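Working through the structure, step by step
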Amino acid sequence: MAGRRLSQQQKRRIQQSQAVVDLKDENNHSGLVISHRGGEVEVEPLDNDQANLQCNLRANLGSIVSGDRVVYQQTEQEAIIIAIQPRDNLLQRVDGFGQVKAVAANVTQLIICLSVEPQPNLFLLDQYLLSAEQQDIEALIVLNKIDLVDDIDSDPFDLEKIYQPLGYQILYTSIKDHYHIEQLQQYCSGHTNLISGVSGVGKSSLTQVILPDEEIRIGEISESSKEGRHTTRTSRLYHLPLGGDLIDTPGVRGFNPVVDPHISIAAGFREIDAASQHCKFSNCKHLNEPKCAVISAVETGEIDSGRYQNYLKLLEANS
Ligand code: GDP
Ligand code: ZN
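Described below are features of the structure shown in this document. (Residues numbered from 1 in each chain as written. Chains lettered and ligands numbered in written order. Predicted model: local features only at pLDDT ≥ 70, side-chain atom pairs only at ≥ 80, totals over all residues. Heavy atoms only, no water.)

1. Section: the coordination of the zinc ion (ligand 2)
The line we're drawing: Only nitrogen, oxygen and sulfur atoms qualify as donors, and only when within 2.8 Å of the metal (3.2 Å in the case of Na, K and Ca); with water excluded, sites may look incomplete. The rule is simple: four donors are tetrahedral if all their angles sit between 85 and 135 degrees, four are square planar and six octahedral if opposite donors span more than 155 degrees and the others lie between 65 and 115, and anything that fits none of that is irregular. In this scheme, a residue with accessible area under 20% of its type's maximum is buried, one over 50% is exposed, and one in between is partly exposed, where area comes from a 1.4 Å probe on protein chains only.
At this site the zinc ion (ligand 2) is bound by Cys-279 (SG), Cys-284 (SG), His-286 (ND1) and Cys-292 (SG), with donor distances of 2.1 to 2.4 Å. Here the zinc ion (ligand 2) binds four donor atoms, and the angle range of 103 to 117° at the metal identifies the geometry as tetrahedral. Within one chain, the residues serving as donors to the zinc ion (ligand 2) are arranged as C-x4-C-x1-H-x5-C. An identical accessibility class is assigned to Cys-279 and Cys-284; each is buried.

Structure follows, in structure tokens:
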């Protein structure tokens, strides 16, 4: 707990240091973090046409990740980041030692990659969707390897039936037939994207078609901590040909999303959030309370019972 309190204090200090940085001061420049490795941060200047800079970090800034917008100062000897600009969001994961690690900042679209084989895990999908809702990030559900299905119109795994009425976009793709790859590129444009999903669903393959000029390693097992291997490649923000960015996070593309316990879980389930307006009690958790509109909607089939079960599981895991 002491460690946690300290980090809260550190956060406050960082926020204070953010507040005093004046971008009108001509020594201060704004930049976009492209990558961060071992204390060296590659920054793209946002207020001039200079080439990218390797920046050092002022002490006590906290973690800096791809997608961060920063303020830096440049002397003849060095460029140094003096502040992180306020973030729209910060995606985090839990590492193999139970530590929360920042993955990327200011993401606007989370691409949740599922596949026909291995089959989708809808509990994990709902966890990603919850995390995206909590962070105010749009979510795009991609079902890859659709070439392995005989009849696409059969709505494999009921993804369209369950998720389309909630307002989520679902895209079926195949690397093999290049099916819907152009649509995927279009959906990515104008966003800062991040691809996530379990190992083997085709994230590296999709990243490669989105970034044809980069060399992405396909079929690696290094994501899996079980294998005891760690990739040495570092996360990086790429600009996309059609506009927008992709933050590629090799090695942690399969991250488990962190659910924020301070934000209501029900608010991250769109249909539960909507139905809860009609619950008798304003603090209804939709467990077994009388006159619960959510439970009624599950009983009538208006709310998918699988989604409701996943809500209950996440509620229990985070209470
Ligand atoms: P990642 O672990 O999610 O990054 O998955 P990879 O991109 O490494 O792909 C895992 C395996 O699935 C590789 O052998 C790929 O060649 C294969 N794969 C990827 N996309 C497709 C696809 O659309 N169809 C089929 N049939 N195989 C695919
Ligand atoms: Zn209720």
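2. Quick look at the side chain of Ser-174
Inclusion rule: Under the DSSP-based scheme used, a helix requires at least four consecutive residues in state H or I and a strand at least two consecutive residues in state E, with every element numbered from the N terminus. Within 3.5 Å is the distance limit for a polar contact, defined as a pair of N or O atoms, with the added protein rule that one can donate a hydrogen and the other accept it, and that residues adjacent in sequence qualify only through two side-chain atoms. In this analysis, two residues are considered to be in contact whenever any of their non-hydrogen atoms come within 4.5 Å of each other.
Counting through the fold element by element, Ser-174 comes out in the loop between β10 (169-172) and α4 (181-188). Polar side-chain contacts of Ser-174 include one of 3.1 Å to the backbone nitrogen of Lys-176. Within the structure, Ser-174 has its side chain in polar contact with the backbone nitrogen of Asp-177 (distance 3.1 Å). When neighbours within four sequence positions are excluded, Ser-174 is seen to be in contact with Asn-144, Lys-145, Ile-146, Asp-147, Tyr-179 and Ile-181.

3. Examining the sheet that holds strand β8 (residues 109-115)
Definition in use: For two strands to pair, DSSP has to find at least two bridges joining them. Note on geometry: axes are C-alpha line fits, over the in-contact stretch for helices, and angles between N-to-C directions span 0 to 180 degrees.
The sheet built from six strands is open, its strands ordered β10-β9-β8-β11-β13-β12 with mixed pairing. Edge strands, defined here as strands with exactly one partner in the open sheet, are β10 and β12 (236-239). Ignoring strand direction, the axes of neighbouring strands in this sheet form an average angle of 25°. Where β8 meets strand β9 (residues 138-144), seven bridges bridge the pair, whose relative direction is parallel. By the bridge assignment, Leu-110 is partnered in β9 with Ala-139. Across the face of the sheet, helix α2 (residues 122-135) comes into contact with β8, β9 and β11 (192-196) while running at roughly 175° to β8. Against the sheet, helix α5 (residues 203-210) contacts β8, β9, β11 and β13 (245-248), and its axis sits at roughly 150° relative to β11.

4. A word on the packing of α4 against α5
Helix packing geometry: the angle between the two helix axes and the distance between the axes. Definition in use: Oblique is the label for every angle not falling under 35 degrees (roughly parallel), over 145 degrees (roughly antiparallel), or within 65 to 115 degrees (roughly perpendicular). Residues are grouped as follows: nonpolar covers Ala, Val, Leu, Ile, Met, Phe, Trp, Tyr, Cys and Pro; charged covers Asp, Glu, Lys and Arg; every other residue, Gly included, is treated as polar.
Where α4 contacts α5, the axes come no closer than 10 Å and their chain directions differ by 75°. As far as their axial angle goes, α5 and α4 are roughly perpendicular. Packed against α4, whose contacting residues are Ile-181, Leu-184, Gln-185 and Cys-188, the element α5 presents Leu-206, Val-209 and Ile-210 at the interface. Partitioned by chemical class, the residues of the contact of α4 with α5 number six nonpolar, one polar and no charged.

5. Section: the side chain of Thr-249
Inspection of the secondary structure assignment puts Thr-249 in the loop between β13 and α6 (270-275). Judged by relative accessible area, Thr-249 falls into the buried class, the value being 0%.

6. Considerations on helix α8 (residues 305-317)
Stated formally: By definition here, a helix of n residues has an expected span of 1.5 Å times n minus one. Throughout, the arc means that of the directions going from the helix axis to the C-beta atoms.
When the terminal C-alpha atoms of α8 are compared, their 18 Å separation across 13 residues agrees well with the 18 Å that a helix rising 1.5 Å per residue should span. Among the residues making up α8, those that are buried are Arg-307, Tyr-308, Asn-310, Tyr-311, Leu-314 and Leu-315. Looking down the long axis of α8, one finds its buried residues gathered within 160° of arc, a one-sided arrangement. Exposed side of α8, more than 90 degrees from the buried face: Glu-316 and Ala-317 are the residues found there. Check the buried side of α8 and you find it contacts α2, α3 (159-163), α6 and α7 (293-300).

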